[in-house]
Amino acid sequence: MALHSSLSFLAALVPAHRSPFLYLQKITANVQKCRPISCISGSVNSTVDPKTIRRSANYPLSAWDYDHLMHSLPTDYSEEKYTSQVTKLKEGVKKSVNDREMKWLSKLELIDTVQRLGLKHEFEKEIKNAIHSLYANASDGLLDDDIHNDLYAVSLQFRLFRQHGLDVPKDVFERFKDESGEFKASICNDVKGLLSMYEASFLGFEDEEIIDEAKWFSTTHLTELRGSIAQESLAKMVEHALDMPLHWRLTRVEASWFIPAYELQHNFNPNLLQLAKLVYNMVQAVHQKEVKDLARWWVDLGLNQMTFARDRLVEHYFWCCGMAFEPEFGSFREMGTKVICLITTIDDVYDVYGSLEELELFTDFVDRWDVTQIDKLPDPIRTIFLAMFNTTNEIGYTVIREKGFNIVPYLSKTWADLCKAYLKEAKWYHKGYKPTLEEYLNNAVVSIAAPLMLFCSYFLTTDKITIDALHYIDNLPTIMRCSSMVLRLTNDLGTSSDELARGDNLKSVQIYMNEAGVSEEVAREHVDNLVHETWKIMNAEMLSSYPFGEAFLHANPNLGRTAQFFYHYGDGHGVPGNETKQTLLPLLLHPFQ
């Protein structure tokens, strides 16, 4: 079955004038006003049957010791202690990036190395200027006609240009094809070139057939060559890339792997390596302090004692780190983590704990943003509602104080949209209804909670909040829908078996199995293809104009990358096993020496 013949729902990722499907409902004309919390007197008069049967998902306990996080995290690499040393090292790197006499290929390699070492945020201006200067001198996407046979160089510049929002024609790869339209046999054993082509191919757009061919060709031949590559460092790079392409990797996770890998290269720059280690450690110290404070908040809040819900504070923090790890976005990581903790707990209320009657009440209270009748809910659900209500108002107070904008009406509406999507899935489950794949995914782009997470990233990272941007975001533009879809699909690939085992709704894999009458293996391959197709749309959208800044723009693919990380080896969020924790531990606890 041709991929595009069964991808009708992907049309909903693009603007309505290009799509047979409409966006989700537009922003309501009158947003609910924030109502202050009021004390409730009298005895609890719950309308819920006390004999309600509660399901249990039997989630594993948290893999983290909160007492250790609150009291024992090392913070030796404070910014004040190493500022002068870092400043001196940065000047040397700036001089190199700004060097107009440096050959263009060496310049691109330097920029690529700086980015993989996790230093892009330290040289944002210099890298942007260098890339745009090189691009201005390119002709038909190439900087030098003399490199027409250098697969490595052509692929590197293609990847870096597109990564920085510059459109490069796909035709640059035509030069590596023969008269029959196939890639030349002469490049089949060019490991360095194939690896560069492989990484570049993940920056493709829709309907770029040659980029799809490049992805298949490079993947096939690198897979055949693995195990026979003589150069150890190159062999490790190939294994690393085939496990997950660079374009899908998180900056901090990649830096933790690439720093020691770079140190083993024979031509590494010792000053650049030292700078990478220092900056990595200093950013880690910022994150350690934030996790300490959040662990205190989470334990004091008491929701970690809800036995039916997932206790995943540290994992939630790393979702926010994945979206914006830079030190200046600490407010987003703090408040965003609180929101995600509540999202997961409320999700478990809808999926596992609550009866349909309770869920309808809960949704109504959220929609009206009203606490006056929440005594109709059982105590655990009432407690969760108040935690959501109070935390949202706390965030609103902070934003009003710092930015002079009342975000609560918008934030409460986004909570209501999420709960309505949760309720729809709960009704499907309780009524035994099996949605179509299109119906499931149209609801899932909201129920996966990405719009709420991204919305928080907007108003907590932008300097100036505008009504136009808020309305634009509320309409779920293509870039947000793509990010949500990557999160939903990777989640389904990593968690659907576990969720079905505890009695959850069918997910995309099982829905496609039923619709197409195929095996689970074929269905998983289909859903994985949808992930690739969605990334292509998101790649193109990164070149579009939006009424918001770069921090929010980049939070969208970064959320997709965080999803790829958490669900690459299974459910690294709901069931944070060894693979996930072994990766997160060094990010939080182990500085480079």
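Our structure's up above, just so we're on the same page.
Worth saying up front: this structure is predicted, and the values here are computed from it rather than measured. (Residues numbered from 1 in each chain as written. Predicted model: local features only at pLDDT ≥ 70, side-chain atom pairs only at ≥ 80, totals over all residues. Heavy atoms only, no water.)

Topic: the packing of helix 8 (residues 232-243) against helix 9 (residues 251-263)
And step 1. Taken N-terminus to C-terminus, the directions of helix 8 and helix 9 make an angle of 165°; their axes are 12 Å apart at the nearest point. What the angle tells us is that helix 8 and helix 9 run roughly antiparallel. Helix 8 and helix 9 meet at a crossing whose hand is right-handed. Contacts from Lys236, Met237 and His240 of helix 8 reach helix 9 at Glu254, Trp257 and Phe258.
And step 2. Among the residues forming the contact of helix 8 with helix 9, the class breakdown is three nonpolar, one polar and two charged. (Axes fitted to C-alpha atoms, helices over the stretch in contact; angles between N-to-C directions. Helix = DSSP H or I, 4+ residues; strand = E, 2+ residues; numbered from the N terminus. Parallel < 35°, antiparallel > 145°, perpendicular 65-115°, else oblique. Left-handed = near helix turned anticlockwise from the far one by under 90°. Contact = heavy atoms within 4.5 Å. Nonpolar A, V, L, I, M, F, W, Y, C, P; charged D, E, K, R; others polar.)

Quick word on the side chain of threonine 345
And step 1. Along the polypeptide, threonine 345 turns up in helix 12 (residues 330-353).
And step 2. With near-sequence residues (within four places) excluded, threonine 345 lies in contact with Trp298, Phe308, Ala309 and Ile384.

Re the pattern of salt bridges
And step 1. Applying the stated rule across the entire model yields 34 salt bridges.
And step 2. Aspartate 492 is the partner of arginine 488 in a salt bridge, and the nearest nitrogen-oxygen pair spans 2.7 Å. Of this pair, arginine 488 and aspartate 492 are both found in helix 19 (residues 478-501), four residues apart, which corresponds to roughly one turn of the helix. Pair check on accessibility: arginine 488 and aspartate 492 agree, each one buried.
And step 3. The partner of glutamate 520 in a salt bridge is arginine 524, with the nearest N and O atoms 3.0 Å apart. Residue glutamate 520 and its partner arginine 524 are both found in helix 21 (residues 520-541); the two are separated by four residues, about one turn of the helix.
And step 4. Overall, the relative accessible area of 22% leaves arginine 524 in the partly exposed class. (Salt bridge = Lys/Arg side-chain N within 4 Å of Asp/Glu carboxyl O. Buried < 20%, exposed > 50% of the residue type's maximum accessible area, 1.4 Å probe, protein only.)

A look at helix 13 (residues 356-368)
And step 1. End to end, helix 13 covers 18 Å across 13 residues, agreeing with the expected 18 Å (1.5 Å per residue, within 8%).
And step 2. Residues of helix 13 that are buried: Glu358, Leu359, Leu361, Phe362, Thr363, Phe365 and Val366.
And step 3. The inward-facing, buried residues of helix 13 contact helix 12, helix 14 (379-403) and helix 15 (408-431).
And step 4. Downstream of helix 13 by a residue or two, tryptophan 369 has a phi angle that is positive, lying close to 50°. (Expected span 1.5 Å × (residues − 1).)

Things to note about the nonpolar core
And step 1. Grouped together as the largest cluster of nonpolar side chains are 195 residues, with contacts concentrated most on Trp415 and Phe459.
And step 2. Residue contributions to this core peak at 15 residues, all from helix 10 (residues 270-301).
And step 3. Apart from the residues lying within four places of it in its own chain, the contact partners of phenylalanine 459 are Ile395, Val399, Lys403, Ile407, Leu411 and Ile465. (Core = buried A, V, L, I, M, F, W, Y, C linked by side-chain atoms within 4.5 Å.)

Observations concerning the environment of leucine 386
And step 1. Here leucine 386 is to be found in helix 14.
And step 2. When the C-alpha positions of leucine 386 and valine 371 are compared, they lie 7.6 Å apart, and in sequence the two are 15 residues distant.

Concerning the layout of surface pockets
Vacant regions in the atomic arrangement are exposed by a probe of water-molecule size rolled over the atoms.
And step 1. Considering only enclosed or pocket space, the largest pocket measures out at about 1300 Å³ in volume.
And step 2. The wall of the largest pocket is formed by 47 residues, among which Lys120, Glu124, Gln163, Met542 and His554 lie closest to the centre.
And step 3. Looking at the lining of the largest pocket, its residues break down into 19 nonpolar, 15 polar and 13 charged. (1 Å grid on protein atoms, 1.4 Å probe; cavity = no way out; pocket = protein on both sides within 12 Å on 5 of 7 lines; lining within 4 Å. Points joined across faces, edges and corners; volume = space filled by probe spheres on them.)

With respect to the packing of aromatic side chains
The geometry of an aromatic ring pair is captured by the separation of the ring centres together with the interplanar angle, meaning the angle of the planes.
And step 1. One pass over the full model with this rule turns up 29 aromatic pairs.
And step 2. Ring geometry for tyrosine 198 against phenylalanine 202: centres 5.1 Å apart, planes inclined by 70°, an arrangement best described as edge-to-face. Like phenylalanine 202, tyrosine 198 is buried.
And step 3. Relative to tyrosine 262, the ring of phenylalanine 258 has its centre 6.0 Å away and its plane inclined at 25°; by these criteria the two rings are stacked. Taken together, the residues phenylalanine 258 and tyrosine 262, both in helix 9 and four residues apart, mark about one turn of the helix. Of the two residues, phenylalanine 258 and tyrosine 262, neither departs from the other in class, the shared state being buried.
And step 4. Aromatic ring contacts, followed pair by pair, group Tyr350, Phe362, Phe365, Trp369, Phe385, Phe389 and Tyr422 into a single cluster.
And step 5. The cationic tip of lysine 581 hangs over the ring face of tryptophan 64; the distance from NZ or CZ to the ring centre is 5.1 Å. (Phe/Tyr/Trp six-rings, centres within 6.5 Å; stacked < 30°, edge-to-face > 60°. Lys NZ or Arg CZ within 6 Å of the ring centre and 35° of its normal.)

Things to note about empty space enclosed by the protein
And step 1. Counted by the stated rule, this structure contains five cavities of 30 Å³ or more.
And step 2. Here the second largest cavity defines a volume of roughly 120 Å³.
And step 3. In terms of lining, the second largest cavity is formed by Leu250, Thr251, Arg252, Val253, His287, Phe318, Cys321, Gly322, Phe325, Phe565, Leu584 and Leu587.
And step 4. Put simply, the parts of the chain that give the lining of the second largest cavity at least two residues each are helix 9, helix 11 (313-323) and helix 23 (578-589).
And step 5. Tallied by class, residues from the lining of the second largest cavity come to eight nonpolar, three polar and one charged.

Comments concerning unusual backbone geometry
And step 1. Positive phi, close to 50°, is recorded for tryptophan 369, a residue that is not glycine.
And step 2. With respect to the secondary-structure elements, tryptophan 369 resides in the loop between helix 13 and helix 14.
And step 3. Using a relative accessible area of 0% as the deciding quantity, one classes tryptophan 369 as buried.
And step 4. Non-glycine residue leucine 476 carries a positive phi angle of around 50°.
And step 5. Mapped onto the elements of the fold, leucine 476 is located in the loop between helix 18 (467-474) and helix 19.

Considering the packing of helix 9 against helix 10
And step 1. Contact pair helix 9 / helix 10: the axes reach a minimum separation of 11 Å and the direction vectors enclose 150°. One way to sum up the angle between helix 9 and helix 10 is to call them roughly antiparallel. Crossing angle aside, the handedness with which helix 9 passes helix 10 is left-handed. Contacts between helix 9 and helix 10 involve Arg252, Ala255, Ser256, Ile259, Tyr262 and Glu263 from the former and Leu272, Leu273, Ala276, Lys277, Tyr280, Val283, Gln284 and His287 from the latter.
And step 2. When the residues that make up the contact of helix 9 with helix 10 are grouped by side-chain class, the tally is eight nonpolar, three polar and three charged.

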